[in-house]
Amino acid sequence: MRFVSLELAAFGPFTGRVIDFSGGEPGLHVVYGRNEAGKSTALRAITGLLYGIPEKTRDAHLHRMPDLRIGARIRAADGHELELVRRKGRKNTLLGPGDKPLDEGVLGRLLGGVGEALFKNMFGLDHVTLREGGNALLAGKGDVGETLFDASLGGRGIRELLEALQREADELFRPRASTPALNAALKAFDEARKRRSHESLRPEAWHDQKRALDEAHAERDRLAARRTELSSEERRLTRIQRARQLVARRQALSEEKRNLGGAPLLAADSRKRREAAQSALADAKRELGRRRRELEALEQRRGGLDVPEALAALDEQRMDLLRDRLAAERKAARDLPKRRGELDVHEAAVVSVLRRLGRSHPLERAVELVPGVALQAKVRVLELQHQSFADQLRTAEEQKRELEDKRATTERGLAALPAVPDSGTLERAAAAAQREPDLDARLDSCESEIEKAEREAEQRFAALGLWSGALAALPALPLPSQKSIDRFEDRFAEVEQGRRALVEQREQLRRTLDRCGEQLDQLQRAGAVPTEEDLAAARARRDEGWQLVRRAWKQGEDVSAEATRFDGEQPLDSAFEHAQMQADHIVDRLRREAGRVEQLASLGAEQARAVQGLERVEAELGALDTSAQALADEWAGAWRTSGVDPLSPREMRGWLARQGELSAQVQQLARHKRDRDELVGRRRLHTEALRAALDASLDASLAALAERAAVEVQRRASIQSKRQQLDSTLGDLSAELERAARRVEERRSQLEAWQVEWAQVVGELQLEAGASPAEVRAVLAELVELSSHAEKMVEAGRRIASMERDTRELSAEVGELVQAHVPSLASLPLLEAAAGLLARYDKARRDLDNRATLERDIDSRRNECKELEREAEHAEQELAGLQAAAGAVDLAGLEAAEQRSEQARELEHKLRELDEQLLDVRGGEPFEVLARAVSECDEAAAGGRLSDIKHELAEIEEALRGVDQDIGGRERGLEQLGGSGAADAAADAEQQLARIEELSERYARARLASRVLRRELERYREHNEGPVISRAQELFPRLTVGRYRGLQVDFGKDDEAVLRCVRADGASVDIEALSDGTRDQLYLALRVASLERFALHNEPLPVVLDDVLIHFDPERSRAALAVLAELSRTTQVLFFTHHQHLVDLARGAVDAGLFCHELESSGRAA
Amino acid sequence: MKIVHAADLHLDSPLRGLERYEGAPVEEIRGATRRALENLVELCVEENAPLLLIAGDLFDGEWDDYSTGLFFAAQMARLAEAGVQVVWVRGNHDAASRVVRRLRLPDNVRELSDKRPESVGFDDLGVVVHGQSFARGAVEQDLSKGYPPPRAGSVNIGLLHTSATGREGHDVYAPCSVEDLVGKGYDYWALGHVHQREVLAREPWVVFPGNLQGRHARETGPKGATLIELESERIVSVEQRVLDVVRWAVSRVDASEASSADEVVDLARAAIERELALAEGRTLAVRVEVDGMTKAHAELAAEPERWVHNVRQAALELAGDDVWVEKVRLRTRDEVDLVALAESDDAVGQLLKSLGELRASDAELGLLAGELSELRKKLPRELREGSRSLRLDDAGRLREVLTDVEQQLLPRLLSREER
């Protein structure tokens, strides 16, 4: 399979880049990429195309991931072609024509099943892999199997892999080691198994333990029983010892009680009650004496009191009232003269006022003259209003006058303003002119630019040449396109290249011909060389002779004439003999000089081929001339219509570029002129408009006009604004004046209304109709004074009359009472008689109260005496009762009985306490039993026994503790026996076993892989050593430009086949002795040989080389390129480089079948 | 009224195949069979079941640690306190067990005779249990034939340790046919020996309850005992109760869609997560088998240990102590066309061809086996012989290893890091 073309449709920096690999069958293609990036992208595009673009590609910077596309046309060995496109994606990424998904299998078959990794390894080579290959040779120390295997796979050293496998196996297991993982696991397993067996519990062991535990329990039970027994005895003895004293004391108390005899037990409070009764009796008797004395004194005081009953029975309220009226009467007697004086003063004042007013009116009715309060108030209000209303009217009238003055002034100002015409047209024209203020300047610069451009264009036009027409017509010339010029150039170049190749071939052929002629001459000079033709001629002559002999001999024919013709010099027989000898001689020579013969033949053949070749080349050259002429005609034809007489395409390309630039300039000039015309037109327009608006006769520049227009516009605007201001003032004044007039009217009517009201008030006061407010105010003041005196006069008269009536009534009542109760007072004047009566009444009332108090005290003393008598009797009865209860005849007997009773009670109490103490000790036994037990038990013996018991109990406790510990230990032991130690150990062992299993499998794989691989290396060597080594033997001297003569296979110290190199001087050296560069070349030789061998048996695939020669010097590079060109006859070789010198070297080194391509992300592949 | 039927406790027999690794839940799986038994006792107590039937294989045959027996006795004592009666027959393992011979069990546990079939009646329950223990490790005759006819008026239950008609992975003991069992006229056959739960018949019930706790990657899924419910002397329901504490699972991961080893780890994580959900909070022992033709193969084959570690790490992150990744089997294949590769005449093609020849030749395989003989000699007995043997000298096994080797070598020969 090979590439016909590769299209980087959208990949990396490329868009639509096509590299044409159609040249050569298959051919060496040198692809030159100026920078490394472009070149590596192209390399990635090849694997991407064949095997898919990787998921994470770095070639999606210009184009988006989904847009990436690589196209190609590829041809199989059988000539079948396939067009395909690879897109970026996950599925159906391979597309055929029309973007239809293509089965990967189709491509896979073309690739002969070679996968991506293998393709990269086998068919891809760069200087790094080359160096690695060389290093692998070194590492393998020339082991032929490894070397060949490596070279065939392009792998990174089969040795590395072998060592890795061996290391892997060794790290897992070594028979006599302990650290490798598997050895360690085996050991751990053994240990776990031992632990499991150790932890395992035998049934017998458990049963033994159990029995021992049971025995310990029995011992414990025995000890516990004994402890119970001893404890009980200890308790009994201790109780008896404790009871001993108590029993003795109780017996003593019982004795005492008996001695006290049968004294009666009195109530506990008997003594207290007796003492209380005695004390109560004494107190009662003493208190009774005192009360009786007091009673006598009180009765005496009551007998001394005498009360006038009738006087005291008088109504208390009436007497109090009388007392008050008496006080009033005293006060009235003092006031009366003062009141009479007041009455006289006020009467005189009233008479005086009436006289001032000039009215004659009875005194008592003078009050009626006083006007009402409402009327007075109204007069005051109207008085105030009168002043205010008059002021307001005056102010309003003044304002009105002022406004009228202002309006007159404004109207005069307005009339004085001048008239203004409408300025709209002027403003528009001025604004339009202002928008383009620099029109004149622009026009000037435009003009100068036009002038400059015109001068330049003329100069350039003169320099352009080849065409003689008007400059303006230049842009419109019908010229061939840049593309068609490129095409012509390619074709010219092709023709020229063809011619060069042919001429070179012709030279070569001529040299060959010369060399052949020279060599033939040399051969001929060394003696004629017999040829097959010579032999054939000799044999023909011999046969002819023989025919003549035979005819003469067998048929007796006369052949003399023919014989003479056959040989004129000698008879037929010797002639025939001679002919025969001659033929044999030639045969002998042919055999003897076979070398020279062959050389002659080969030289002859070569000469003939060269002659033939020469003819062919000459013919081709002729044909090439014809087609070159046709091309030249076609070229001239392409320019004919434009009237240009063309030079070479390369020159015309330059001309075309200059023509293009000039055309652009001409067009630019035309544009400038159009711009200028437009500016001139605009200036005229503005000028005219301004003039029309200002003054048609004005003749000034546009700028001056515009300035004047601006001043004029401003002036008009100012007048207009003033008029508007005055108009507005006038309007305001008129409105205000109207309001002022209205106000004057209002004030006036207000004053009129007041006057009506005033007249009404004056009438009411019965004054003359024209009275002024001041007059009214004076009359009113007098009337008010009159009112005050008249009222006071009436009041004084009323009070005097009331006093005189009170004196009369009091005198009547006092006279009545004195007559009835104290006639002695009847002769006294009123005030004294009344006072004496009241004093007598008060004394009678006090005596009555004293008598009632005395009687209440007497009753109370009597009752107290009766109560005390009852208390004394009660105490006597209590004492009698107590004596009876104690069986005593008197109080002394009672006291003795009380003493005995208290003694008996204390004894009882002590006995009860003792009994309670004994109850503890007795523990339910009747006292008698205890007392008996105490009496039966000897105190000293019991003490001894108790101490023994304590001792023994301590021993038992000690023993129990021991047994308990024993039991605890055994129980724990048994519990542990039920544990899962053995099961856990077994689980551990299983885990180790699983590990062993896993590691063993890994070990087996590594070990077998290593074994299989070694075996395969040997086999591969056996199969491939011959062909590959012998081809590499040819290539190696060429690649080292003769420094080495060849290779040889030797046997190393372990009898393994080892590759050695033979130097030009015949010495053979190990791989180790080679320099890095030479090793590179050796590896390259092996790779090329392997690839050739692969292609022999498989579908050949393109070999992709990536700057593989950068470590080679120019001489060796040239040699390598020649070798690669040779390889390219077997399979397509794509040689990528970004070194221009390698491209040049290739051109020099490769005669035919070299195709160079340039790779640029812009531009084209040439 | 309820009866619990369990079998194949294999107390204290260790869980197999769990290679220990950093972060593996060693403590969690400890004593799993013991805790499963505790769960069984708990079930009897909670369900208030007066009767527990155990159809053999309480202990592993070669297990000789008496502690195991003591533990069992203690659990039976717990049942005695709760008033639960236990009837059991010895299975093939128990018959060979040293522990069983010396074990003294509480009075509530009744072991049936190994001389002849024995019937135990529970009059208060209306139940009769018939059964016979194994006298030796291997009993080849059909014991069920000798069982007595059903007792009228009672629920008849046959207690039997048997391989029935034969089950894969289980030795043949006391074989019998389901027809014979059905024909006996009992109401329920409580079988033991087969570790996978199976209901052989429903009228009457013939049931293998399966073992209480799965012990290796071939005993996956929920494990437990069977709960039989009776009403007025008739069986009304039979259901499985899950009692295991460690759940075994095998999770297959198809890596064919994965484009990198990291994605494979993600897939494995997802698969483990699914199994965790099924384990309902139990500790999960899971085997992950990754296969498929995948882009990720080269990466996996280059450093298998690293990716196994990463899967375990992922599991650890997922569930911490709740999961033990027993094994990660990487069985992926490269995407390369092996046939096409083998046809080509290059070095790889020749290697593939000769690997093919190797696999086909027993003599060559014999030579290869010699490479591993040193290791074989050192292996423990368990891995040298018997069912767990690694068979490193077996031609079939070596063929498999060679296939693995092929898949491991290919990417290492073909790949070259991108520069």
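Note that the structure is predicted; figures quoted are calculated from it, not measured.

A. Summary view of the overall build of chain A. On a plain count of helices and strands, chain A comes out with 30 helices and 13 strands. Evaluated residue by residue, chain A yields a buried proportion of 39% over its 1166 residues. Partitioning the intrachain contacts of chain A with sequence separation of at least 6 by distance along the chain shows that 75% fall at a separation of at least 24. Entry remark: accessible area of chain A is about 65,300 Å², with carbon and sulfur atoms responsible for 49%.

B. Molecular detail of the sheet that holds strand S8 (residues 188–192) of chain B. Residue and element names in this part refer to chain B. Reading across from one edge, S5-S6-S7-S8-S10-S9 is the order of the six strands in this open sheet, with mixed pairing throughout. Of all the strands in the sheet, the pair left with one neighbour each is strand S5 (118–122) and strand S9 (198–202). Direction aside, neighbouring strands of the sheet carry axes that sit 15° apart on average. Pairing geometry for strand S6 (residues 127–131) and strand S7 (residues 155–161), over five bridges, is parallel. Paired with Val-128 across the two strands is Asn-156, which belongs to S7.

C. Structural context of the confidence of the model for chain B. When the pLDDT values of chain B are averaged, the result is 90; 99% of them are 70 or greater. As scored by the predictor, the complex reaches a pTM of 0.52 and an ipTM of 0.91.

D. Broad picture of the pairing of strand S2 (residues 14–20) of chain A. All names here are of chain A. Taken together, the six bridges between strand S1 (residues 2–11) and S2 define a ladder with antiparallel strand orientation. Bridging across to S2, Leu-6 finds its partner in Ile-19. The turn joining S1 and S2, which pair antiparallel and follow one another in sequence, is formed by two residues; a positive phi near 55° is taken by Gly-12.

E. The arrangement of the nonpolar core in detail. Of all hydrophobic cores here, the largest spans 142 residues; its most connected members are Phe-3 and Phe-1135 of chain A. Tallying contributions element by element places helix H27 (residues 981–1039) of chain A first for this core, with 19 residues.

F. Expanded view of the pairing of strand S5 (residues 81–87) of chain A. Residues and elements named next belong to chain A. The side-chain alternation of S5 yields one buried face, formed by Leu-82, Leu-84 and Arg-86, and one unburied face, formed by Glu-81, Glu-83, Val-85 and Arg-87. Sheet topology places strand S4 (residues 69–75) next to S5; seven bridges connect them, and they run antiparallel. Looking across to S5, one finds that Arg-75 is bridged to Glu-81. Linking S4 back to S5 in an antiparallel pair, the connection comprises five residues, with Gly-79 at a positive phi of about 90°. Taken together, the two bridges between S5 and strand S6 (residues 94–95) define a ladder with antiparallel strand orientation. The partner of Val-85 across the bridge, within S6, is Leu-95.

G. Main features of the packing of helix H11 (residues 347–360) of chain B against helix H15 (residues 395–414) of chain B. All names here are of chain B. The geometry of H11 relative to H15 is characterised by a closest axis approach of 10 Å and an angle of 175° between their N-to-C directions. Classified by the angle their axes make, H11 and H15 are roughly antiparallel. Together, Val-348, Leu-351, Leu-352, Leu-355, Leu-358 and Arg-359 of H11 and Arg-399, Leu-402, Thr-403, Glu-406, Leu-409, Leu-410, Leu-413 and Leu-414 of H15 make up the contact between the two elements. Here the contact of H11 with H15 is composed, by residue class, of ten nonpolar, one polar and three charged.

H. Looking closely at a negative patch on the surface. Taken together, the side chains of Glu-398, Glu-402, Glu-404 and Asp-405 of chain A present a region of like negative charge at the surface. Its location among the elements puts Glu-402 of chain A in helix H12 (residues 373–416).

I. Expanded view of the side chain of Asn-92 of chain B. Residues and elements named next belong to chain B. Looking at where Asn-92 falls in the secondary structure, it is placed in helix H4 (residues 92–95). Since its relative accessible area comes to 8%, Asn-92 is described here as buried. Not counting residues within four places of it along the chain, the set of residues in contact with Asn-92 comprises Asp-57, Phe-134, Gly-137, His-161, Tyr-173 and His-193.

J. Looking closely at the environment of His-686 of chain A. Here His-686 of chain A shows up in helix H20 (residues 649–694). In this structure, the C-alpha to C-alpha distance between His-686 of chain A and Leu-702 of chain A, residues 16 residues apart in sequence, is 7.3 Å.

K. Inspection of the packing of helix H11 (residues 316–357) of chain A against helix H22 (residues 773–821) of chain A at higher detail. Residues and elements named next belong to chain A. Remark: H11 packs on H22, axes separated minimally by 6 Å, with the N-to-C direction vectors making an angle of 155°. Judged on the interaxial angle alone, H22 and H11 are roughly antiparallel. With respect to the hand of their crossing, H11 and H22 are arranged in left-handed fashion. Along the lines of polarity and charge, the residues of the contact of H11 with H22 split into 21 nonpolar, four polar and 17 charged.

Criteria and thresholds
Residues numbered from 1 in each chain as written. Chains lettered and ligands numbered in written order. Predicted model: local features only at pLDDT ≥ 70, side-chain atom pairs only at ≥ 80, totals over all residues. Heavy atoms only, no water. Helix = DSSP H or I, 4+ residues; strand = E, 2+ residues; numbered from the N terminus. Buried < 20%, exposed > 50% of the residue type's maximum accessible area, 1.4 Å probe, protein only. Contact = heavy atoms within 4.5 Å. Areas by Shrake-Rupley, 256 points an atom, 1.4 Å probe, with all protein chains shown as cover. Pairing = 2+ DSSP bridges. Axes fitted to C-alpha atoms, helices over the stretch in contact; angles between N-to-C directions. pLDDT = per-residue confidence, 0-100. Core = buried A, V, L, I, M, F, W, Y, C linked by side-chain atoms within 4.5 Å. Parallel < 35°, antiparallel > 145°, perpendicular 65-115°, else oblique. Nonpolar A, V, L, I, M, F, W, Y, C, P; charged D, E, K, R; others polar. Patch = residues over 30% accessible without salt bridge, like charges linked within 9 Å, V, L, I, M, F, W, Y side chains within 5 Å. Salt bridge = Lys/Arg side-chain N within 4 Å of Asp/Glu carboxyl O. Lys, Arg positive; Asp, Glu negative; His and termini not counted. Charge placed at Lys NZ, Arg CZ, Asp CG, Glu CD. Left-handed = near helix turned anticlockwise from the far one by under 90°.

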